[in-house]
Amino acid sequence: SGSWISYAETRLGQGREAARQLLKDNPDLCAEIEKKIRKKLGLLREDPAASAAAPGAAGKGEKEEEKKGRMPSPPDRPTRPPSLRA
């Protein structure tokens, strides 16, 4: 018994350590998962080519943060109600 960790249709392993080892052995899969997580959290910067295709897409505040070497703030998203906060 034990819990299986899956990604899409792929079972990564039975238990955390087995899944961790599989990701160490498969850096391409690890990078794919990491990229999707960062994109979902708003931590991924767009490619320069994509930014050039849509000039003015970033707000003034985001441009100022990039000049300072900081990542732009994640987009606003709904928060959990106070009764569900840990």
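Scroll up to find the structure this text is about.
As a starting point, this report considers the structure included with it. (Residues numbered from 1 in each chain as written. Predicted model: local features only at pLDDT ≥ 70, side-chain atom pairs only at ≥ 80, totals over all residues. Heavy atoms only, no water.)

## Regarding the pattern of salt bridges
For step 1, the next point in the chain: If you walk through the whole model with that rule in mind, you get 3 salt bridges.
For step 2, the next point in the chain: Glu17 is paired through a salt bridge with Arg20; the nearest N and O atoms lie 3.1 Å apart. Taken together, the residues Glu17 and Arg20, both in helix H1 (residues 16–25) and 3 residues apart, mark about one turn of the helix.
For step 3, the next point in the chain: Judged by relative accessible area, which is 40%, Arg20 ranks as partly exposed.
For step 4, the next point in the chain: Between Arg38 and Glu34 there is a salt bridge, with the nearest N and O atoms lying 3.0 Å from each other. Pair noted here: Arg38 and Glu34 are both in helix H2 (residues 27–40), with a separation of 4 residues, about one helical turn. (Salt bridge = Lys/Arg side-chain N within 4 Å of Asp/Glu carboxyl O. Helix = DSSP H or I, 4+ residues; strand = E, 2+ residues; numbered from the N terminus. Buried < 20%, exposed > 50% of the residue type's maximum accessible area, 1.4 Å probe, protein only.)

## What about the nonpolar core?
For step 1, the next point in the chain: In terms of nonpolar packing, the biggest core is built from 5 residues, these being Tyr7, Leu12, Ala19, Leu29 and Ile33.
For step 2, the next point in the chain: The residues touching Ala19, leaving out its near neighbours within four places in the chain, are Ile5, Leu12 and Gly13. (Core = buried A, V, L, I, M, F, W, Y, C linked by side-chain atoms within 4.5 Å. Contact = heavy atoms within 4.5 Å.)

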